[in-house]
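Residue-level listing of the chains:
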Amino acid sequence: MLTIKEAMQMIKFLKRGLLPFILASTMLLVTACTEDKATEDSNSKVTTTEPNSSDSTTSGDSSDDTNKVSSDITPAMWEVKTKSGKTIYLLGSMHVLPDSAYPLPDQLINAYEKSDAIVVECDILAYQSDLAKQLKLAEDMVYKDGTKFKDHIDPEIYSEVVALMKEWGIYSKAHESFKPAMLTSLIENYIYTKANLKSELGIDMFFLDKATEESKEIIEVESAEFQMDMLMNFSDEINSLMLSSYAYDIDELVVQINELYEVWASGDTEKLLEANSADEDQLTDAEKAAFKEYNDTMLTNRNKGMADKVIELIENDDKDIFYIVGAAHYPGEGGIIELLEAQG
């Protein structure tokens, strides 16, 4: 059982480390599609809309942007038209962005302004304000059975990860009691910092902040608790596979994450699918199984729930919606778009 002091220290770490990881739970897989696709019947129509670069007066900070020109990012946005003419805008988010992504293009801002509510994976801001939930999470972030981080990770991977964390100056003996998701979060946030990417500038966080300030309705697809339970209970095999992906030179990791940003900003689905895939020829059978388990948990299974939420909103047919989840959830086999098209 954690002491109050220990729990508060964990919450402090949580606010600067793990919460961005919740929003970035599919961050390394996100981008969006600009490819024209459409399906229609008497109930709904799904089409893609590509945002245009244009002047905007909205940015990721509170500075005066009246005379600033919007960035040239063009993340794709699908539109679902309901039977009564309501619109559900489907935007794929990247959960960490650079300052240069702002001000956002008018088409994104206009979609938000036209909507009666926004939909996000989870309302992190509400979660942050609930001390009881954070205290519970602080308890769940560490092993309670006497085991340590190293007992759950492949020994070679453990040694490599600890050596890198020490080299980067982000290792502490206190981390040995953390579950691997915490170490993954710490490493990812270090890489984001080196790449000049910020979780507070992520698309979903930007619009979540804006909706909260303006008292616009916020609807959760999942919840922070759901995502934390998923992340904290990955198998040892998945955790080893995830951590092994960081066993590279920091400069190489920064290049990779910045390339991913460029893919997202351009809205290239084919490159997204390439980023999502693994060279299975380089994987052992155990690693292949872990990679499949990871994709099933992080994408395939969640895609179904996300598509079901869109269908629910279509059937309710009572408001315009700005729907924002990780961009990797939309394209490809088993993605949200395919699942919606299958429903007609």
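Residues numbered from 1 in each chain as written. Predicted model: local features only at pLDDT ≥ 70, side-chain atom pairs only at ≥ 80, totals over all residues. Heavy atoms only, no water.

So, a negative patch on the surface
Together, E167, D249, D251 and E252 make up a negatively charged patch on the protein surface. Along the polypeptide, E252 turns up in helix α11 (residues 250–266). (Patch = residues over 30% accessible without salt bridge, like charges linked within 9 Å, V, L, I, M, F, W, Y side chains within 5 Å. Areas by Shrake-Rupley, 256 points an atom, 1.4 Å probe, with all protein chains shown as cover. Salt bridge = Lys/Arg side-chain N within 4 Å of Asp/Glu carboxyl O. Lys, Arg positive; Asp, Glu negative; His and termini not counted. Charge placed at Lys NZ, Arg CZ, Asp CG, Glu CD. Helix = DSSP H or I, 4+ residues; strand = E, 2+ residues; numbered from the N terminus.)

Re the packing of helix α10 (residues 236–244) against helix α13 (residues 285–316)
Axes are the key here: two packed helices are described by the angle between their axes and the distance separating the axes. Axis separation between α10 and α13 bottoms out at 9 Å; the angle between their running directions is 95 degrees. The angle between the axes of α10 and α13 places the two elements in the roughly perpendicular class. Only E287, A290, F291, E293 and Y294 of α13 make contact with α10, whose side of the interface consists of E237, I238, L241 and M242. When grouped by side-chain class, the residues that make up the contact of α10 with α13 number 6 nonpolar, no polar and 3 charged. (Axes fitted to C-alpha atoms, helices over the stretch in contact; angles between N-to-C directions. Parallel < 35°, antiparallel > 145°, perpendicular 65-115°, else oblique. Contact = heavy atoms within 4.5 Å. Nonpolar A, V, L, I, M, F, W, Y, C, P; charged D, E, K, R; others polar.)

Comments concerning the environment of A211
By secondary structure assignment, the location of A211 is in helix α8 (residues 203–213). Note: C-alpha distance between A211 and E113 (98 residues apart in sequence) is 9.8 Å. Not counting chain neighbours up to four residues away, the residues in contact with A211 comprise Y112, I118, K216 and I218.

A few points about the confidence of the model for the protein
Per-residue confidence for the protein averages 79 on the pLDDT scale, and 79% of its residues sit at or above 70. By mean pLDDT, helix α2 (residues 18–23) is the weakest element of the protein at 32, and strand β5 (residues 117–120) is the strongest at 97. For residues 1–44, every residue scores under 50 in pLDDT, and the model assigns this stretch 152 contacts once sequence neighbours within four places are set aside. Note that residues 48–59 has pLDDT below 50 and, in this model, 50 contacts with residues that lie over four places away or in other chains. (pLDDT = per-residue confidence, 0-100.)

A word on the packing of helix α3 (residues 106–114) against α8
Here α3 crosses α8 at 40 degrees, and the two axes come no closer than 12 Å. What the angle tells us is that α3 and α8 run oblique. The crossing of α3 and α8 is right-handed. Together, L108, I109, Y112 and E113 of α3 and I203, F206, F207, K210 and A211 of α8 make up the contact between the two elements. (Left-handed = near helix turned anticlockwise from the far one by under 90°.)

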